Amino acid sequence: TMIFEKVCKSVRPDVFHFVPRKGSAEYLYWRRVLRMAALCHDLGHLPFSHVAEKDLLGAKGHEEWTLKVIDSPYLQPVWEKLKKAPSYLEDLIERDIVDDIKKISVGEEKWKKLTSQSFTPWERIVSEVITGDFFGADRIDYLLRDAKSTGVAYGLFDYHQLIEMLRILPSAERGADELQLGIDENGLESCEALLLARHFMHRRIYQYSSVKAYNFHLRRYMKANFSKKPFESVEEFLGVSDT
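Quick summary incoming for the structure in this document. All figures in this text were calculated on a predicted structure; none of them were measured in a lab. The residue numbers shown here count from 1 along each chain, following its written sequence. Totals for whole chains, interfaces and linings use every residue, but because this is a predicted model, local features are given only for residues with pLDDT of at least 70 and side-chain atom pairs only at 80 or more, for both listing and counting. By convention in this description, side-chain values take in all heavy atoms of the structure and omit both hydrogens and water.

**Looking at a nonpolar patch on the surface**
- Only residues above 30% relative accessible area that lack a salt bridge enter a patch, with like-charged residues linked at up to 9 Å and the nonpolar side chains Val, Leu, Ile, Met, Phe, Trp and Tyr linked at up to 5 Å. Where accessible areas are quoted, they stem from the Shrake-Rupley method and a 1.4 Å probe; at the residue level, only the protein chains shown are allowed to cover. We count a salt bridge whenever a side-chain nitrogen from Lys or Arg sits within 4 Å of a carboxyl oxygen from Asp or Glu. Together, Tyr154, Leu196 and Phe200 line one region of the surface with nonpolar side chains, adding up to about 270 Å² of accessible area.
- Each helix is a run of DSSP H or I of at least 4 residues and each strand a run of E of at least 2, with the numbering of both proceeding from the N terminus. Tracing the chain through its elements places leucine 196 in helix α12 (residues 188–206).

Written out as structure tokens, the structure is:
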């Protein structure tokens, strides 16, 4: 939410026409989509996160199950309530809020692989706020959370300053009609701090020999005991737990 509000507030003239005005129905709609997509982003994860994902879920990964859980009867009451929200009814009745939540939650690359559909430039930005490889909130969150949980300081950095410096920029690779998240020149130090945090967390936590050994044995255990055949239903998938 902080990233979305910041990049919509500090808008360059050359991307101004892409970005909804604060307080408009479109702004409130996409803010709601983003917040729900952030909550749904990891619904398709197995217990213990990525450890045995390739063995149990196959090439499509946890994103396919994220979409299945979103479409399941368990979340239908939530979506029905959202569809009655004022900002949805005012100007955006042509949009499907559940479809947009699904898009934003899994990101463009996975969405295209699963559905063969592309994103608009604005949809790509909203999705990058969560799923972006560099400035995505998911990446920022796990570094801070894992650093706190493991009791190390390697993953800590000034994320408030980083968010303050984020901007929507024309894409250097795709041209001026495409968008990407970037950083203001004054935020380069915050960007470097994020890179260093990722580097040291990978070296000292994620790639640490004891962690790798634990993951190896946990993966073998999950492969042998969690599912003898592919999951056939959302109920069966959600029945798998770490207890």
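**Re the pattern of salt bridges**
- This structure, assessed with the given rule, holds 17 salt bridges.
- Its salt-bridge partner being aspartate 55, residue lysine 223 comes within 3.8 Å of it at the nearest N-O pair. With lysine 223 in helix α13 (residues 209–225) and aspartate 55 in helix α3 (residues 53–57), this residue pair connects regions lying 168 residues apart in the sequence.
- Exposure remark for aspartate 55: the relative accessible area of 27% places this residue in the partly exposed category.
- Among the charged side chains, a network of salt bridges with common partners joins Arg95, Asp100, Lys103 and Glu123. Type-normalised accessible area, obtained with a 1.4 Å probe on protein chains alone, sets the label of each residue: buried when under 20%, exposed when over 50%, and partly exposed for intermediate values.

**Remarks on the packing of aromatic side chains**
- The rule is short: rings of Phe, Tyr and Trp, with Trp giving its six-membered ring, pair when the centres are within 6.5 Å, and they are stacked under 30 degrees, edge-to-face over 60, tilted in between. Within the structure shown, the criterion is met by 10 aromatic pairs.
- Each ring, one from phenylalanine 134 and one from phenylalanine 135, has its centre 4.7 Å from the other, and the planes form 75°; the classification is edge-to-face.
- Judged by its relative accessible area of 24%, phenylalanine 134 is partly exposed.
- Each member of the aromatic cluster is reached from another via a ring pair, and the members are Phe4, Tyr27 and Trp122.
- Above the ring of tryptophan 65, the side-chain terminus of lysine 68 is found at 4.2 Å from the ring centroid. Charge-over-ring placement is defined geometrically: NZ (Lys) or CZ (Arg) within 6 Å of the ring centre, and within 35 degrees of the ring normal.

**Describing the environment of alanine 153**
- Structurally, the position occupied by alanine 153 is in the loop between α10 (137–150) and α11 (159–164).
- For alanine 153, a relative accessible area of 56% translates into the label exposed.
- Counting along the chain gives 47 residues from alanine 153 to phenylalanine 200, while the straight-line C-alpha distance between them is 9.5 Å.

**Some words on helix α9 (residues 121–131)**
- The buried fraction of α9 is high, at 10 of 11 residues.
- Among all positions of α9, only Pro121, Trp122, Glu123, Arg124, Ile125, Val126, Ser127, Val129, Ile130 and Thr131 are buried.

**Some points on the nonpolar core**
- Residues Trp79, Ile101, Trp122 and Ile168 are the most contacted members of the largest nonpolar core, which totals 63 residues.
- Excluding residues within four positions of it along the chain, isoleucine 168 makes contact with Val7, Arg12, Val15, Val19, Trp122, Ile125, Leu179, Gln180 and Leu181. The term nonpolar core refers to a set of buried residues drawn from Ala, Val, Leu, Ile, Met, Phe, Trp, Tyr and Cys, joined through side-chain atoms within 4.5 Å. We call two residues contacting when some pair of their heavy atoms lies within 4.5 Å.

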